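Understanding the architecture of this molecule
Okay, here's what each chain looks like letter by letter:
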Amino acid sequence: MRQSRHLGKTLREVPKDAQTAAHALMLRAGYLQQLAAGVYVYQPLLLRTLNKIAQVVREEMTAAGAEELLMPALQPRELWEESGRWERYTNIDGIMFAFKDRRGGMVCLGPTHEEVITDILRREIKSYKDLPRCVFQIQTKFRDEIRPRFGLMRAREFIMKDAYSFDADEASLEKSYEAMRQAYHRICERIGFRYRAVEADSGAIGGSGSQEFMVLADTGEDTILFCDQCDYAANQERAQSRLPEPAPDPELRPMETVVGEGLIQVEPLAKFLNIPVWKTTKTLLYEADQQWVAVMVRGDCDVNEIKLANFLNGKSLRLASPEVIRKLTGAEVGYAGPIELPKEVRVVADHLIRNRVNFECGANRTDHHHLNVNFGRDLPQPEFGDFKLAQKGEGCPRCAGTLQAARGIEVGHIFKLGTKYSEAMACRYLDAEGKSKTVIMGCYGIGVSRMAAAWIEQNHDEKGIIWSPQIAPYHAHLVGLNLEDAAVCEQAEKLYRDLQSNGCEVLFDDRPLRAGEKFGDADLMGMPIRLTISKRTCEQGKVELKLRRQAQNELVGLNEVIPRVKALLAG
Ligand code: ATP
Ligand code: MG
């Protein structure tokens, strides 16, 4: 491609609304243009990269035995009513773009395709002989994200590869899941990410059936916790941890109520009461789909709202407002406790609270705290569960190691769905005995466009993007200087043709600009190999070769350059 004809001008200024390197560099290097919040034009250079990422994904999906199809982005409401997700996706979470068509029916733009694929497969599958099946598509998805940001990282229209597996039994699902898991590792390795596969939240379905593929980067939106001794690694949303449980007091002391004015933070409160912080209690009130829930965690811990939502069967949670807290507890915010709450409040507590003796909790009275509280005597046993947010520095749940933290960008997510959709939508098969059974499903997503952003987040310097040959828009950037000189121009044109006929994809900077400007653009755009041809190099029968990842350059003979480039691309 000749740069004089190329669409996608570079910008000198760093765009104001770009908060991450990848977002800023994509805008500056002419890869991306914003059309509306979270909606982008994939300019020609970006499209080439997206196609290459998609091709790696396609090859590995196919090698893993999945078959490609393409489903409509436009989906009818009826299918979402069948699965029971219409209300939640349109109204409660509001993530779905839905509208009325001229026939008066409601349709939506697919944020995901479980409903459509289940509908397709339930027509196809009759008996156990029709299983297993695994299909995938690479397609534009639409999600009306609350906070679209960081460019392609969290867009409202983006490219996803989604795959779905259909199996007769759990053992077969295991195999399908494992094949996908391995394919995901190969995709990340082929592209060259520094990444980590971690245990992920699998919603109210629970189980260990979900993993995320996290590209490691400081700007990642997710926190991952991993053990410094074993291979335990999990998204913080899901992670468990070990905390020491100090020996309980030998005897129960009488409960008392003390005044601790304005003490709503656990540290000053513990100091004032002369007790360790772990004996204090944080009691938080939530609204969970019109139900009130009070959750208790140890004072030195925080609540993991995702674990709490899963415990409550996937209800959407909202921290209660100050007015609601005042109404339910009769006190200002900060003094909530589990004793004498109104009956309609469901009380749940973290496991770590179970064995505590003589603990503190809020008294539901402004400035008041209960001391030496004990379950069974002062209040009934609440429902216990794992509600604590695991933190770095805490113990690994599997071994004696310690949890470390890193930031990650979720580029892929694999998930054992079980029968959630097949049951709701009656996707069934006849087994060998002629008995009707429910198909077991898995789903597997990769953010193709997010991967491009994640790559740049991991691979850039102050000058610009650094692509690898695998996913670079072009392998080489040929910079022509002094092209007004007929001899130089001829050599440059010949090299441009020869490179292309030898399988090297070239962006040829044939613009009449100063050398500094051209080099600046080449660094910004980030092709892995830069070749410069000028009057000076031509006189020596040479070309200057520079790798984007390296600082130094070298002169290579005009007739050696093709084999050199080929070797670089091969290795
Ligand atoms: P997130 O937690 O980041 O919102 P998700 O868990 O909702 O993502 P999935 O439904 O698992 O996402 O989608 C599969 C993949 O699609 C994700 O792993 C991610 O790479 C990509 N993806 C999801 N939402 C977006 C988005 N708004 N913009 C770009 N890519 C996205
Ligand atoms: Mg996910």
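Fair warning: this is a prediction, and the values are worked out from it, not measured in the lab. (Residues numbered from 1 in each chain as written. Chains lettered and ligands numbered in written order. Predicted model: local features only at pLDDT ≥ 70, side-chain atom pairs only at ≥ 80, totals over all residues. Heavy atoms only, no water.)

Before going further, it helps to examine the domain arrangement of the chain. Here the chain is described as being made up of domain 1 (56–239 + 405–456), domain 2 (256–385) and domain 3 (476–570). Placing the centre of domain 2 and that of domain 3 at their C-alpha centroids yields a distance of 67 Å. (Domains from an automatic or database assignment.)

Time to look at the side chain of K546. With respect to the element layout, K546 can be found in strand 30 (residues 542–547). Although K546 is buried, it forms no salt bridge, and the closest oppositely charged side chain is D523 at an N-O distance of 4.4 Å. A polar contact is formed between the side chain of K546 and the backbone oxygen of Q550, at a distance of 2.9 Å. If we skip the residues at most four places from it in the chain, K546 touches D523, P528, I529, R530, A551, Q552 and N553. (Helix = DSSP H or I, 4+ residues; strand = E, 2+ residues; numbered from the N terminus. Buried < 20%, exposed > 50% of the residue type's maximum accessible area, 1.4 Å probe, protein only. Lys, Arg positive; Asp, Glu negative; His and termini not counted. Salt bridge = Lys/Arg side-chain N within 4 Å of Asp/Glu carboxyl O. Polar contact = N/O pair within 3.5 Å; in protein donor to acceptor, adjacent residues only side chain to side chain. Contact = heavy atoms within 4.5 Å.)

Right, let's get into the sheet that holds strand 31 (residues 553–557). Pairing is mixed across the open sheet formed by five strands, whose spatial order is 28-27-29-30-31. Sheet topology places strand 28 (506–509) and strand 31 at the edges, where each strand pairs with a single neighbour. Geometrically, the sheet is characterised by an average inter-axis angle of 25° between neighbouring strands, direction not taken into account. Where strand 29 (residues 529–533) lies against strand 30, four bridges are found, and the strand directions are antiparallel. When the sheet's bridge partners are listed, T532 is paired in strand 30 with E544. Sheet strands touched by helix 12 (residues 486–501): strand 27 (476–480), strand 28, strand 29 and strand 30. Its angle to strand 28, the strand with the most contacts, is close to 170°. Contacting strand 29, strand 30 and strand 31, helix 15 (residues 561–570) crosses the sheet at an angle of about 165° to strand 29. (Pairing = 2+ DSSP bridges. Axes fitted to C-alpha atoms, helices over the stretch in contact; angles between N-to-C directions.)

Before going further, it helps to spend a moment on the pattern of salt bridges. Using the criterion set out here, one finds 46 salt bridges in the structure. The salt bridge partner of E332 is R326, with a shortest N-O separation of 3.2 Å. You can call E332 partly exposed: its relative accessible area is 38%. On the accessibility criterion, R326 (37% relative accessible area) is partly exposed. One salt bridge connects D498 with K494, and the closest N-O pair in it is separated by 2.8 Å. Here D498 pairs with K494, and both are found in helix 12, just four residues apart, close to one helical turn.

For the second largest pocket, the calculated volume is near 440 Å³. Elements that contribute at least two residues to the lining of the second largest pocket include exactly helix 7 (266–273), strand 14 (281–288), helix 9 (322–329) and strand 18 (359–362). Class assignment for the residues of the lining of the second largest pocket results in 13 nonpolar, seven polar and two charged. (1 Å grid on protein atoms, 1.4 Å probe; cavity = no way out; pocket = protein on both sides within 12 Å on 5 of 7 lines; lining within 4 Å. Points joined across faces, edges and corners; volume = space filled by probe spheres on them. Nonpolar A, V, L, I, M, F, W, Y, C, P; charged D, E, K, R; others polar.)

Moving on, we come to the nonpolar core. Counting residues in hydrophobic clusters, the biggest one holds 65 residues, and the most contacted among them are M26, Y31, M61, I191, F193 and W467. Lining this core are residues from two domains, each supplying at least three of them: domain 1 (56–239 + 405–456) and domain 3 (476–570). Residues contacting M61, with those up to four places away along its chain left out, are A66, F136, K161, A163, M180, A183, Y184 and I187. Counting residues in each nonpolar core, the second largest holds 25 residues, with Y89, C108, I125 and C443 among its members. (Core = buried A, V, L, I, M, F, W, Y, C linked by side-chain atoms within 4.5 Å.)

This next bit is on unusual backbone geometry. A cis amide bond links L131 with the next residue in sequence, P132, at an omega value of -5°. Structurally, the position occupied by P132 is in the loop between helix 5 (114–124) and strand 7 (133–142). Here the phi dihedral of F150 falls at roughly 60°; this positive angle occurs in a residue that is not glycine. With respect to the helices and strands, F150 occurs in the loop between strand 7 and strand 8 (157–167). Here F150 falls in the buried class, since its relative accessible area comes to 12%.

Taken together, the neighbourhood of ligand 1 is formed by 14 residues, with R143, E145, R154, A155 and E410 sitting nearest. A distance of 3.3 Å separates an oxygen atom of ligand 1 from a polar atom in the side chain of H413. Looking at the shell around ligand 1, the elements that each hand over two or more residues are strand 8 and strand 21 (403–418). Taken together, the residues of the shell around ligand 1 sort by class into six nonpolar, three polar and five charged. (Near = heavy atom within 4 Å.)

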